[in-house]
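Analysis of the macromolecular model
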Amino acid sequence: MFEANISDQQQKELASKLASLLSTYRYISDSYIIEFFSEGLWETLPVSWQEALGNLAPPKIGDLLLDKDCKDRRYSSVWPLSLLALRTAAHTLSFRREAHIGESTAGTVPDEFQCNHSQSALLGHIFRKHVKPKKQHEIRRLGLLVKKLCDQMNCNHVVDVGSGQGHLTRFLSFGLGLDVTAIEADHNLVSMATKFDRQLLQTLSKYDQRSEEAWGPTPRHVVGWVNPKAPWDVFIQQLAVTSCKSTGAKTIPDEKKQHMEDLHPEPHCLQTKVEDLETVLQMQSNDILSSETAAKMLTPTNCRSKPHSAVVLTGLHACGDLSATLLRHFANCPQIRAITSVACCYMKISTQDNPNPPGVFQPPASSDFTLAQSCAEYGYPMSNWVRELPGHQLSYKAREGACHAIEDYLHRLREDSSLLRTHCYRAILETIIRDQRPDLRRPGIQTIKKSHLLSFPEYAQLALPRVGLPADLNFDPISVDEMLAQQGKVVAYFSLVLLLAPVVETLVLLDRMIYLQERGFQSALLPLFNAAFSPRNLVLVAVKVNEDYS
């Protein structure tokens, strides 16, 4: 099933099936693997499932359960129909994550890194500095997609939300010649972004031995928190204030644009992919409520923007509610003509049952908008359709599970990696902690480096003090050995949890597509990145067409 080609009705039918499937197996998706022993998770499975999975080697679990493209499945026993049905449903209903980018999928590293695992061969060296390989892969592909959308929309202004250290911003601005406003809540990250901008300008100045001022357009960086409860005109006001503060940026001369294009070759495969998108993103004109005041805010007399100028919105791994907020701004704000949204941190999405999930930044006491203006909307569900579906609720744990890298775990299974023992170690530790502190459940323990190379006693000696227990705490070695012998069952159970992870992610993203559909917009969901390299690889794209951009 290719997401971009399903009709509006098919989207709704798919959402119904997803909600039904997840409701049936909620006891799996909502479980914590560290409670495998303390809560008896294995015994919650049907006996026939226990018999089918209990003695499988890790490579077999990968082939028979998680690898949907395995062509040669060989069973050592007859699997129950219910387990086969779950595997088939999970694979069939989930959005495909393979990026159709014309490269080999044999390994976990994209072809662009085959010669040098730390440097993309397709991204110019000036855009690789300070950038990890994963981010290099992402900013190049997303940047070129954003540029194609800008060309189609006859729009040169991009707003990069959650811009961090500005890696994508610099590629869009210096590399692709776009007029970019970057907004980021962390002042320290904005400081780093401006520092890296200056370093890049210094590098560019060496190419022609002229003043740095000859290069541009320089991006504008804003320190600002995008409040998910604020209306879209407040967001526009944030951008307008910034646009006024940063005047005087220069346009790249044509000959310099050509030189910079030479620094980051563009493969034909992506051109074809984005051209295909033109046939997908078709919609009828839509009447949008506008705010004359907000439109004026965007274009003060001393700003560079033209009245009612078009803006393309982008967010690379916008965390939690931020990605949902950007979609609402796209739907409501007449200035925003297109959006590319790559979401992450689904556990930080607000829901009716959990309006303030852990780890979410809380707004300051003072606010620049009144409570009457606040939007009483949650990050999930966004659409009316999904909100009315029985069993549509997704717990914090289910959404957290959707953030796991299934491709990475599948690789571990095939290699029978020693890393597989870490879940078993932590589950055993949980039983020891509860024996000593029955009131302490699932305490946070920071990652213990190379724990898979340690014996369990060595692991426990490092971990116990982190929860306030003595490092030399005595525990029953016989009981521990019995649990260690069940590592294969821990791996099998966690594989079942991972089997449902793409199903949860699909429902979250499909809900957003249906939300846009309800507002009159068609959208496409594209697997833009290599999933083994960048697990959150699905980009939601939507445009407004048949509107006056003049």
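Nothing here was measured: the structure is a model prediction, and the numbers come from that model. (Residues numbered from 1 in each chain as written. Predicted model: local features only at pLDDT ≥ 70, side-chain atom pairs only at ≥ 80, totals over all residues. Heavy atoms only, no water.)

Quick word on the packing of aromatic side chains
Note the threshold: Two rings belonging to Phe, Tyr or Trp (six-membered ring only in the last case) form a pair when the distance between their centres is within 6.5 Å. Interplanar angles under 30 degrees mark stacking, angles over 60 mark edge-to-face geometry, and anything in between is tilted. Summary of the burial criterion: residues with accessible area below 20% of their type's maximum are buried, those above 50% are exposed, and those between are partly exposed, where the area comes from a 1.4 Å probe applied to protein chains only. Look at NZ for Lys and CZ for Arg. If either is within 6 Å of the ring centre and within 35 degrees of the ring normal, a charge sits over the ring.
For the structure on display, the rule yields 13 aromatic pairs. Judged by centre distance (5.3 Å) and plane angle (70°), the rings of Tyr 75 and Trp 79 are edge-to-face. Assessed through its relative accessible area of 35%, Tyr 75 is described here as partly exposed. Judged by its relative accessible area of 6%, Trp 79 is buried. Each member of the aromatic cluster is reached from another via a ring pair, and the members are Phe 36, Phe 37, Trp 42 and Tyr 493. A cation sits over an aromatic face here: Lys 544 above Phe 330, 5.0 Å from the ring centre.

What about the nonpolar core?
Using the following cut-off: Buried Ala, Val, Leu, Ile, Met, Phe, Trp, Tyr and Cys residues that are joined via side-chain atoms within 4.5 Å together make up what is termed a nonpolar core. Helix and strand definitions follow DSSP, with helices as H or I runs of at least four residues and strands as E runs of at least two, each counted in order from the N terminus. A contact between two residues is defined here by any heavy atoms of the two lying within 4.5 Å.
Counting residues in hydrophobic clusters, the biggest one holds 112 residues, and the most contacted among them are Ile 28, Phe 36, Val 161, Phe 235, Tyr 493 and Leu 496. For this core, the leading source of residues is helix 20 (residues 487-518), giving 21 residues. Apart from residues lying up to four places away in sequence, Phe 235 is in contact with Val 159, Val 161, Val 226, Leu 313, His 329 and Ile 336. Phe 127, Cys 150, Val 180 and Val 545 belong to the second largest nonpolar core, which has 37 residues in total.

Thoughts on unusual backbone geometry
The omega torsion across Tyr 380 and Pro 381 is -10°, close enough to zero to call that bond cis. Looking at the element boundaries, Pro 381 is found in the loop between strand 5 (336-344) and helix 14 (384-387). Backbone geometry at Cys 345 places phi at a positive 55°, although glycine is not the residue there. If you trace the backbone, Cys 345 turns up in the loop between strand 5 and helix 14.

Points about the packing of helix 6 (residues 133-153) against helix 7 (residues 167-175)
Quick reminder of the rule: Helix axes use the C-alpha atoms of the stretch in contact, all axes being lines fitted to C-alpha atoms, and the angles between their N-to-C directions lie in the range 0 to 180 degrees. Any angle between 65 and 115 degrees counts as roughly perpendicular, while under 35 counts as roughly parallel, over 145 as roughly antiparallel, and the rest as oblique. By the definition used in this description, the sense in which the near helix is turned from the far one sets the handedness, with an anticlockwise turn below a right angle giving left-handed and a clockwise turn giving right-handed. Throughout this entry, Asp, Glu, Lys and Arg are counted as charged residues, while Ala, Val, Leu, Ile, Met, Phe, Trp, Tyr, Cys and Pro are counted as nonpolar. The remaining residues, Gly among them, count as polar.
With their axes 9 Å apart at the nearest point, helix 6 and helix 7 run at an angle of 40° to one another. Here helix 7 runs oblique to helix 6, going by the angle between their axes. Handedness of the helix 6/helix 7 crossing: right-handed. Judged by residue contacts, Lys 135, Ile 139, Arg 140, Leu 142, Gly 143, Leu 144 and Val 146 of helix 6 engage His 167, Leu 168, Phe 171 and Leu 172 from helix 7. Looking at side-chain class alone, the contact of helix 6 with helix 7 contains seven nonpolar, two polar and two charged residues.

As for helix 20
To be explicit about the condition: Between the first and last residue of a helix there are one fewer steps than residues, each counted as 1.5 Å, and that sum is the expected span.
A rise of 1.5 Å per residue sets the reference length of helix 20, with its 32 residues, at 46 Å; its end C-alpha atoms lie 47 Å apart and thus fit the reference within 8%. Extensive coverage of helix 20 is indicated by the burial of 28 of its 32 residues. Positive backbone phi, approximately 100°, marks Gly 520, located one or two places after helix 20.

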